[in-house]
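# Residue-level structure breakdown
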Amino acid sequence: MGGMRPTQDSPGRTYRFYNRPVLYPFGYGLSYTTFVSSLAVQKPNIDVEHCRRDVESTRLTPHLAAVVVTAQVTIANLGEVDSDTVVILYLVPPPDSPKGSPLSQLAGFERVHLRAGERPKKLKIPITSHQLALADAKDGLLRVQPGTWRLRLVPGDYHPDQNQAEPHPGLRVVRLFVK
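Residues numbered from 1 in each chain as written. Predicted model: local features only at pLDDT ≥ 70, side-chain atom pairs only at ≥ 80, totals over all residues. Heavy atoms only, no water.

## Topic: the environment of Val174
Along the chain, the position of Val174 falls in strand β10 (residues 172–178). Residue Val174 is classed as buried on the basis of its relative accessible area of 14%. On a C-alpha basis, the gap between Val174 and Ala71 in space is 9.3 Å, while along the polypeptide they are 103 residues apart. (Helix = DSSP H or I, 4+ residues; strand = E, 2+ residues; numbered from the N terminus. Buried < 20%, exposed > 50% of the residue type's maximum accessible area, 1.4 Å probe, protein only.)

Below, the structure is given as structure tokens:
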């Protein structure tokens with residue numbers, strides 16, 4: 001089997017690079033209740049130069065990187081059973097990203113317990129400048145990738161059925177514009 005990234009002989013490995021249908025995607029699970037969610041960001045326009053300066057100044061300390069946008073997730077349990085769910089957010093790089101870029105990458109997650117009929121919970125998940133950077137193939141350094149990124153909220157029961165004409169009703173996507 002080849003490396004992490006897809007090649008002519010290998011579909012790639014890990015959720016970031018695997019480019020074939022999967023049986024059970026990361027986070028897939030069954031529930032005895034029904035969750036509904038929404039996803040929003042206040043300011044989807046992100047200054048690429050601000051991100052570049054921040055990535056450079058926090059190269060050795062990415063945990064100190066600036067939060068450039070905050071994803072706001074609202075989740076509710078509409079069923080009759082108390083249950084837990086895991087809110088999972090992925091970032092999808094722009095389509096014109098350099099060859100070898102990940103197909104998607106984990107942006108954040110949070111486990112939530114909701115009682116049946118409980119008021120919806122509001123979560124805030126920060127996205128930093130480092131999360132909008134990709135490794136440069138030449139030197140391995142992170143470089144902020146300008147363009148339209150997609151932030152995806154993936155429900156726990158999401159299963160990308162290749163025969164399904166419509167996307168999963170719980171899949172939420174917002175666009176982030178790094179320019």
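## Re the nonpolar core
Counting 30 residues, the largest nonpolar core has Leu89 and Leu151 as its most contacted members. Here this core takes 5 residues from strand β3 (residues 67–77), the largest share from any one element. (Core = buried A, V, L, I, M, F, W, Y, C linked by side-chain atoms within 4.5 Å.)

## Comments concerning the sheet that holds strand β9 (residues 147–154)
Strand order in the open sheet formed by 5 strands is β2-β10-β9-β4-β5, with mixed pairing between adjacent strands. Strands at the two margins of the open sheet, each flanked by one partner only, are β2 (45–46) and β5 (105–114). Alignment of β9 against β10, held across 7 bridges, turns out to be antiparallel. Directly across from Trp149, in β10, lies its bridge partner Leu176. (Pairing = 2+ DSSP bridges.)

## Looking at the confidence of the model for the protein chain
In the predicted model, the protein chain carries a mean pLDDT of 81, and 74% of its residues have values of at least 70. Across the protein chain, the secondary-structure element scoring lowest on mean pLDDT is helix α1 (residues 14–17), at 61, and the one scoring highest is strand β6 (residues 121–128), at 96. In the model, residues 159–166 has pLDDT below 50 throughout and makes 9 contacts with residues more than four positions away in sequence or in other chains. (pLDDT = per-residue confidence, 0-100. Contact = heavy atoms within 4.5 Å.)

## Brief notes about the pattern of salt bridges
This structure, assessed with the given rule, holds 6 salt bridges. Glu49 is the partner of Arg52 in a salt bridge, and the nearest nitrogen-oxygen pair spans 2.9 Å. Here Arg52 and its partner Glu49 are both found in helix α2 (residues 48–57), 3 residues apart, which amounts to about one turn of the helix. With a relative accessible area of 35%, Arg52 lands in the partly exposed category. You can call Glu49 partly exposed: its relative accessible area is 37%. Between Asp136 and Arg143 there is a salt bridge, with its nearest N and O atoms 3.3 Å apart. Owing to a relative accessible area of 22%, Asp136 belongs among the partly exposed residues under this scheme. We classify Arg143 as partly exposed; its relative accessible area is 35%. What emerges from the salt-bridge pattern is a single network uniting Asp136, Asp139 and Arg143. (Salt bridge = Lys/Arg side-chain N within 4 Å of Asp/Glu carboxyl O.)

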